[in-house]
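Notes for the structure review
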Amino acid sequence: MEKTEFTYQRFYLRTGMTVLILPIVQMIRIMILRPLGISDGLYIALGAIITVGGLMLYYKWSEKLTFFFRKGYYWEENGTVCIQRGKTIRAITNVDWLRGTDTFAYGPRVAMLVVQCGKRKTILFSRSLEEGRKFSDTELYPLYQLILKNNPKLEKDANLTYWYERKKEC
């Protein structure tokens, strides 16, 4: 059993931390815009621009912080894919659907791998994607292919590139 290392992002934590950034951005907005005595409509528009700008700067800055990124491992054991994040090991069995896609928050796009096994869902996020890169260019893609190889009952969705699901019989 050979473990393959990959880097995953704690995307929800990183996104949630914007709650701490927003008050700072709002204080800056008040300090800059209030003394100018501008109209309410312009104040709101400029406030929105400053807020989005502050969030974009936060995401650019937090991309360099190791706090938001962890090393994980995956391997195949007796036809079952196992994923280890921290001390938690998850065996991926009876996959109902598998999806690879990308999502974004205030600028940077990240690849996202979603595996649904019954009522349990595993979601992994990659590092931010550079311009022109897609899901198949990330560290999550080999894991996606391994899960797909070990779940032959999954059928490809005709409309989505990286979506497979187990068709239920009526």
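Residues numbered from 1 in each chain as written. Predicted model: local features only at pLDDT ≥ 70, side-chain atom pairs only at ≥ 80, totals over all residues. Heavy atoms only, no water.

Turning our eyes to something else, we now look at helix α2 (residues 18-33). For an α-helix, 3.6 residues make a turn, and residues three or four places apart therefore share a direction. The end-to-end C-alpha distance of α2, which contains 16 residues, comes to 21 Å, matching closely the 22 Å that a straight helix rising 1.5 Å per residue would cover. When we look at burial in α2, the residues that qualify are Thr18, Ile21, Val25, Arg29 and Leu33. All buried residues of α2 lie within an arc of 80° about the axis, which places them on one face of the element. Exposed and oriented more than 90 degrees from the buried face of α2 are Leu20, Met27 and Met31. Tucked into the core, α2 has its buried residues touching α1 (11-16) and α3 (40-62). (Helix = DSSP H or I, 4+ residues; strand = E, 2+ residues; numbered from the N terminus. Expected span 1.5 Å × (residues − 1). Buried < 20%, exposed > 50% of the residue type's maximum accessible area, 1.4 Å probe, protein only. Arc of directions from axis to C-beta. Contact = heavy atoms within 4.5 Å.)

In this section: helix α4 (residues 140-149). Buried within α4 we find Leu140, Leu143, Tyr144, Leu146 and Ile147. Each buried residue of α4 lies within a common arc of 165° when the element is viewed along its axis, so the set occupies one face.

This part is about the pairing of strand β5 (residues 97-104). Looking at chain direction, β5 and strand β6 (residues 109-117) are connected through 8 bridges and run antiparallel. The residue of β6 that forms the bridge with Thr101 is Met112. By the bridge criterion, 3 bridges tie β5 to strand β9 (residues 163-165) in an arrangement that is antiparallel. The partner of Arg99 across the bridge, within β9, is Trp163. (Pairing = 2+ DSSP bridges.)

What follows covers the pairing of strand β3 (residues 80-85). The buried fraction of β3 amounts to 5 of the 6 residues, a majority that puts the element mostly inside the structure. Inspection of the sheet shows strand β2 (residues 69-77) paired to β3 by 6 bridges, in the antiparallel sense. Among the inter-strand pairings, Glu77 is bridged to a residue of β3, identified as Thr80. Linking β2 to β3, which pair antiparallel, is a turn of 2 residues; within it Asn78 sits at a positive phi near 55°. One ladder, built from 5 bridges, connects β3 with strand β4 (residues 88-92); its direction is antiparallel. Considered in β4, the bridge of Ile83 is made with Arg90. The hairpin turn running from β3 into β4, its antiparallel successor, is 2 residues long, and Gly86 in that turn takes a positive phi close to 65°.

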